[in-house]
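Listed below, chain by chain, are the residues.
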Amino acid sequence: MSLLSDLINLNLSDSTEKLIAEYIWIGGSGMDIRSKARTLSGPVNDPAKLPKWNYDGSSTGQASGEDSEVILYPQAIFRDPFRRGNNILVMCDSYTPAGEPIPTNKRHRAAKIFSHPDVVAEEPWYGIEQEYTLLQKDSRWPMGWPTGGYPGPQGPYYCGIGADKAFGRDIVDSHYKACLFAGINISGINGEVMPGQWEFQVGPAVGISAGDEVWVARYILERITEIAGVVSSFDPKPIQGDWNGAGAHTNYSTKSMRNEGGYEVIKKAIEKLQLKHKEHISAYGEGNERRLTGKHETADISTFKWGVANRGASVRVGRETEKAGKGYFEDRRPASNMDPYVVTSMIAETTIL
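Because the structure is a prediction, the values reported are computed rather than measured.

Cut-off values and rules
Residues numbered from 1 in each chain as written. Predicted model: local features only at pLDDT ≥ 70, side-chain atom pairs only at ≥ 80, totals over all residues. Heavy atoms only, no water. Helix = DSSP H or I, 4+ residues; strand = E, 2+ residues; numbered from the N terminus. Expected span 1.5 Å × (residues − 1). Buried < 20%, exposed > 50% of the residue type's maximum accessible area, 1.4 Å probe, protein only. Polar contact = N/O pair within 3.5 Å; in protein donor to acceptor, adjacent residues only side chain to side chain. Core = buried A, V, L, I, M, F, W, Y, C linked by side-chain atoms within 4.5 Å. Contact = heavy atoms within 4.5 Å. UniProt positions renumbered as here; feature names shortened; annotations may be inferred.

1. Comments concerning helix α10 (residues 340-352)
Because each turn of an α-helix spans 3.6 residues, side chains separated by three or four positions end up pointing in the same direction.
In step 1: When the terminal C-alpha atoms of α10 are compared, their 18 Å separation across 13 residues agrees well with the 18 Å that a helix rising 1.5 Å per residue should span.
In step 2: The buried fraction of α10 is high, at 12 of 13 residues.
In step 3: When α10 is considered as a whole, its buried residues turn out to be Pro340, Tyr341, Val342, Val343, Thr344, Ser345, Met346, Ile347, Ala348, Thr350, Thr351 and Ile352.
In step 4: By the N-cap criterion, in which a side-chain oxygen at the helix start approaches the backbone nitrogen of a residue two or three places on, α10 is capped by aspartate 339, the distance to tyrosine 341 being 2.8 Å.

2. Description of the nonpolar core
In step 1: In terms of nonpolar packing, the biggest core is built from 60 residues, with Met91, Ile184, Ile220 and Phe329 touching the most fellow members.
In step 2: It is helix α5 (residues 208-228) that contributes the most residues to this core, nine residues altogether.
In step 3: When neighbours within four sequence positions are excluded, isoleucine 184 is seen to be in contact with Phe78, Cys179, Val202, Glu213, Val216, Ala217 and Ile220.
In step 4: Residues Ala21, Trp25, Leu50 and Tyr55 belong to the second largest nonpolar core, which totals 15 residues.

3. A few points about the UniProt feature "domain: GS catalytic" (unreviewed entry) in the chain
In step 1: The UniProt feature table records "domain: GS catalytic" (unreviewed entry) at residues 106-353.
In step 2: End-to-end, the C-alpha atoms of residues 106-353 are 18 Å apart, and along that stretch the chain is 38% helix and 19% strand.

4. What about the environment of alanine 217?
In step 1: Checked against the element boundaries, alanine 217 lands in helix α5.
In step 2: For alanine 217, the contacting residues outside a window of four places in its chain are His175, Cys179, Ile184, Phe200 and Val202.

Here's what the structure looks like:
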């Protein structure tokens, strides 16, 4: 008699050329990730060759019950770390039956910006530092914290080691390896300043692929925490008080910034960001005002300032970039719940177009 684990781990390629494609999309809140699976007759490597699909938009807050059909357009393919074999994950975006992007489809506009000739010529690179907090399922209190109580103050937890400092490392390592298996350019992980909080980094990724990879990495994280029976929170300030919030610091460079004389290009780009500070803040994540207070390694939400190696700035330039006279900068304003399609394309639009 087969066990459930035996059936879950069945290798389909032993008996059929068919495979399972998990179609992933973003729901109506802008942060709820949805997915469903379909059978394909054989391997597909090009998203354009995958069939479009549909879903009930009235059940995701994206359409009315009278006209509920929303169409999924496949945009990027990743290997499936859960089913393995030839099975795939497919990142999609959403359209009306007439072919118009629905209002919550942020990828469509981002793709237009990234396909602009001036942006293409500059080859924008991104490295996104995605922070998140692991919560106990029933209490919605951080992992490792006493129920209804608080651990010792911040200090020993950042990159900390030990059962009294690092909570959830098995989940974090599983996620790291699953992302590498999937083909996501995940470049590292670390424990964060608040206990129960972690970070993974995606990049360098070019253009629209940065958004695709962050969203699929979030999907994989949510699937792993589902298995582990814990909740992954992207709230920018999950615990009020003297505890760090959670951000999605976005590292950015263009070809001109990476070439000789790039430091001057970086300074001009930062000036452009300063002029559009309010517009960027309004698009950088819900609840960010609870995080950007001027404390806990943030600049105040209403103030724009930049500096070299300054983690209390809106935008930070690294010492290596200053010394080399070229490189990249870090926009520290985006919240952990930001939409990477919005943030990456907005930075490119402001600094290049």
